Amino acid sequence: MKYFGTDGFRGEANVTLNVEHAYKVGRFLGHYFQREDHRVRVIIGKDTRLSGYMFETALASGLTASGADVYELHVTTTPSVSYLVREEDFDCGIMISASHNPYYDNGIKVINAKGHKLEAEVEEQIEAYIDGEIPELPLAKKEKIGRCFDYVKGRDRYIEFLKGLAKYRFDGKTVALDLANGSASSIAKEVFESLGAHVIVRHDQPNGTNINRDCGSTHIDSLQSLVYDTGADVGFAYDGDADRCMAVDDEGKVIDGDHILYLCGQYLRDQGKLNKNTVVTTVMSNMGLYRALDALGIRYEQTAVGDKYVCENMMENDYSIGGEQSGHIIFKEHAVTGDGILTSLMIMEAWLAADRPLSELTGELVIYPQLLVNVKVKDKAAAREDEDVLRAESEVTESLGTAGRLLLRESGTEPLIRVMVEAETEELCKKNVNHIVQALRDKGHVIG
């Protein structure tokens, strides 16, 4: 599609994503859900980016102009929007966020009434409207014009939902939180403190431009330092919209999405809650996870990269847990999308139930060296289909054999080719990644 990728409509604010786009998205959605004797209700949340204010206003203008009522959560998390759409019967939800991207990017994620990402066929219709390929939509008149409501109480309801999930209290535990100067800043600390934890917080002062800057789940070294310096029992880091979680254990080691799937998958199995004895992963998960799950006798399935695809697989097959190495984890019993704060609560539950140091609970999972390089290219499709690049891909795959693997794919949200190699040593990873990157560069696909 032209505008929408695997995670909504994303781009640099006022460059590739502007207020006219946002207004038209609002206009289309406000009209799309209209039916006789029905007042369309749409809930909107945003993260802490400077451009969030203008996109919030533009979306609300488009929605109300089409006759929809808008409920504004203001700064909140993506999973809170998903939760409230389902629980309070909204026609759809919109989250204004570019997740882990830098502050100057932003995005529009549309969430359907079931709490899932919007169907692709509806996104295609929105794109057609943006490009003037379908007739102009009627404007609401007189009493049909929509209204805007402040809906901060919705966020409070979500916070209470999170608190209610905890099976154990956290008294006596010290928890370090890196809030990425993002959406979690308004929620996470309150949740952990209410459950009795001593909470140490960093990066909880968003100013519009510092979201994800050297902090959060994409800069996990900051949390490692915090845990080490304070002697915390565990640390959790979120991304800009708090739909992903990374953790650090008591020894300062990183617990990524693969570790979380291993730890919580095993815990759910032991509790008799791992439906069909299966964990859902993406093709980016480490070989070590699969070997560790094999040792436990737990099945797994792979999907394309994107929590959207993980979610689809889980819902279709009624699986309990699935996620991505990056920390998007879905616990189907509680949510239908990745939720960073919820994930941290589930890690706490598995840890406290075991009554052992967290560092011991993932000891059987051996992560193979992995190197991921994002290559900015002029044309993703042309680069990916180039004969010389395909030849290099074949050469790397053959050389690795069963002792490693190569994953070469297009980014769903950025002009990037992602080159990932797993192997027995870091040297082999670097050698094989460089072979692919050089093939891309030799053929003139690389920018810069």
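Nothing here was measured: the structure is a model prediction, and the numbers come from that model.

Enquirer: I would appreciate a short explanation of the overall build of the chain in the present structure.
Expert: Each helix and strand counted, the chain has 15 helices and 19 strands in total. For the chain, whose C-alpha radius of gyration is 22 Å, the value lies close to the compact-globule estimate of 22 Å for 448 residues. Each principal axis of the C-alpha distribution contributes one length, and for the chain these read about 65 × 60 × 40 Å. Expressed as a percentage of the 448 residues in the chain, the buried residues total 57%. Taking the intrachain contacts of the chain between residues at least 6 apart in sequence as the baseline, contacts between residues at least 24 apart amount to 71%. Accessible surface, the chain: about 18400 Å² in total, of which carbon and sulfur atoms supply 47%.

Enquirer: Explain the environment of F55 here, please?
Expert: Relative to the assigned elements, F55 resides in helix 2 (residues 52-65). The class of F55 is buried, set by a relative accessible area of 0%. F55 sits 13 residues away from V42 along the chain, and the two C-alpha atoms are 15 Å apart. If we skip the residues at most four places from it in the chain, F55 touches A13, N14, L17, N18, V19, A22, I96 and N106.

Enquirer: Teacher, can you tell me more about the pairing of strand 8 (residues 174-178) here?
Expert: Each regular strand carries side chains that alternate between the two faces of the sheet. Strand 8 sits mainly inside the fold: 5 of its 5 residues count as buried. Judged by which residues are buried, strand 8 turns out to be covered on both faces: T174, A176 and D178 on one side and V175 and L177 on the other are all buried. Of the strand pairs in this sheet, strand 8 and strand 10 (residues 234-238) are connected by 4 bridges, and their pairing is parallel. Directly across from D178, in strand 10, lies its bridge partner A237.

Enquirer: How should the packing of aromatic side chains be read in this particular structure?
Expert: The geometry of two aromatic rings is summed up by the distance between their centres and the angle between their planes. For the structure shown, the criterion picks out 16 aromatic pairs. Taken together, a centroid distance of 5.7 Å and an interplanar angle of 20 degrees make the contact between F28 and Y32 stacked. With F28 and Y32 both in helix 1 (residues 19-32) and 4 residues apart, the pair spans about one turn of that helix. Assessed through its relative accessible area of 4%, F28 is described here as buried. Measuring from centroid to centroid gives 5.2 Å for Y71 and F90, while their planes differ by 70 degrees, and the two rings are edge-to-face. Here Y71, found in strand 4 (residues 69-75), pairs with F90, found in the loop between helix 3 (78-87) and strand 5 (92-96); they are 19 residues apart in sequence, far enough to count as distant. Geometry around Y71 places R41 over its ring, the cationic atom sitting 5.0 Å from the centre. A cation sits over an aromatic face here: R41 above F90, 4.1 Å from the ring centre.

Enquirer: Looking at this structure, how should I read the nonpolar core?
Expert: Nonpolar side chains in soluble globular proteins tend to be buried together. The biggest cluster of nonpolar side chains holds 65 residues, and the ones touching the most others in it are I43, L162, L177, F192, F236, Y238 and I321. Among the elements that take part in this core, helix 11 (residues 340-354) stands out by supplying 9 residues, more than any other. Those residues within four positions of F236 in sequence are excluded, and the remaining contacts are V175, A176, L177, D178, F192, L223, C245, M246, A247, S344, I347 and M348.

Enquirer: Can you walk me through the side chain of N432 in this structure?
Expert: With respect to the helices and strands, the residue N432 is situated in helix 15 (residues 426-442). N432 sits in the buried class, given a relative accessible area of 6%. Within the local environment of N432, its side chain forms a polar contact with the backbone oxygen of L428, the two atoms lying 2.8 Å apart. Those residues within four positions of N432 in sequence are excluded, and the remaining contacts are V396, S399, L400 and V421.

Enquirer: Mind showing me how you'd approach helix 5 (residues 152-165) here?
Expert: Residues spaced three or four apart along an α-helix point in a common direction, a consequence of the helix completing one turn every 3.6 residues. Across its 14 residues, helix 5 extends 21 Å between first and last C-alpha, which sits within 8% of the 20 Å expected from 1.5 Å per residue. Taken together, the buried positions of helix 5 are occupied by G154, R155, Y158, I159, F161, L162 and L165. Axial view of helix 5: buried residues confined to an arc of 155 degrees, hence all on one face. Looking at helix 5, the residues exposed on the side facing more than 90 degrees away from the buried face are K153 and G164. In this structure, the buried side of helix 5 is in contact with strand 4, helix 3, helix 6 (188-194) and helix 11.

Enquirer: Would you mind showing me how to read the packing of helix 3 against helix 5 here?
Expert: Relative placement of two packed helices is described by the angle separating their axes and the distance separating the axes. Where helix 3 contacts helix 5, the two axes come as close as 10 Å, and the packing angle between them is 95 degrees. One way to sum up the angle between helix 3 and helix 5 is to call them roughly perpendicular. Contacts from P79, S80, Y83, L84 and E87 in helix 3 reach G154, R155, R157, Y158 and F161 in helix 5. Looking at the contact of helix 3 with helix 5 residue by residue, the class counts come to 5 nonpolar, 2 polar and 3 charged.

Enquirer: Any chance you could explain helix 11 here in plain terms?
Expert: Its 15 residues place the ends of helix 11 21 Å apart at the C-alpha level, agreeing with the 21 Å of an ideal helix rising 1.5 Å per residue. Residue D339 occupies the N-cap position of helix 11, its side-chain oxygen lying 3.2 Å from the main-chain nitrogen of I341. Note on helix 11: the residue one or two positions beyond its end, D355, has a positive phi of about 55 degrees.

Enquirer: Could you clarify how one ought to interpret the sheet that holds strand 15 (residues 321-323) in this entry?
Expert: Overall, mixed pairing links the 4 strands, which are arranged 14-13-15-16 in an open sheet. This sheet does not close on itself; its edge strands, each paired only once, are strand 14 (299-303) and strand 16 (329-331). Between one strand and the next, the sheet's axes are offset by a mean angle of 20 degrees, whatever the strand orientation. Note: strand 13 (residues 278-282) against strand 15, 2 bridges, orientation parallel. Its bridge partner lying in strand 15, V280 is registered against G322.

Enquirer: Looking at this structure, how should I read unusual backbone geometry?
Expert: Negative phi characterises most residues that are not glycine, and trans characterises most peptide bonds. Look at H203: it is not a glycine, yet its phi comes out positive at around 55 degrees. Relative to the assigned elements, H203 resides in the loop between strand 9 (198-202) and helix 7 (221-230). Under the relative-accessibility criterion, H203 is labelled partly exposed at 27%. Positive phi, close to 55 degrees, is recorded for D355, a residue that is not glycine. If you trace the backbone, D355 turns up in the loop between helix 11 and helix 12 (358-361).

Each value, and the rule that gives it
Residues numbered from 1 in each chain as written. Predicted model: local features only at pLDDT ≥ 70, side-chain atom pairs only at ≥ 80, totals over all residues. Heavy atoms only, no water. Helix = DSSP H or I, 4+ residues; strand = E, 2+ residues; numbered from the N terminus. Rg over C-alpha atoms; globule rule 2.2 N^0.38 Å. Buried < 20%, exposed > 50% of the residue type's maximum accessible area, 1.4 Å probe, protein only. Contact = heavy atoms within 4.5 Å. Areas by Shrake-Rupley, 256 points an atom, 1.4 Å probe, with all protein chains shown as cover. Pairing = 2+ DSSP bridges. Phe/Tyr/Trp six-rings, centres within 6.5 Å; stacked < 30°, edge-to-face > 60°. Lys NZ or Arg CZ within 6 Å of the ring centre and 35° of its normal. Core = buried A, V, L, I, M, F, W, Y, C linked by side-chain atoms within 4.5 Å. Polar contact = N/O pair within 3.5 Å; in protein donor to acceptor, adjacent residues only side chain to side chain. Expected span 1.5 Å × (residues − 1). Arc of directions from axis to C-beta. Axes fitted to C-alpha atoms, helices over the stretch in contact; angles between N-to-C directions. Parallel < 35°, antiparallel > 145°, perpendicular 65-115°, else oblique. Nonpolar A, V, L, I, M, F, W, Y, C, P; charged D, E, K, R; others polar.

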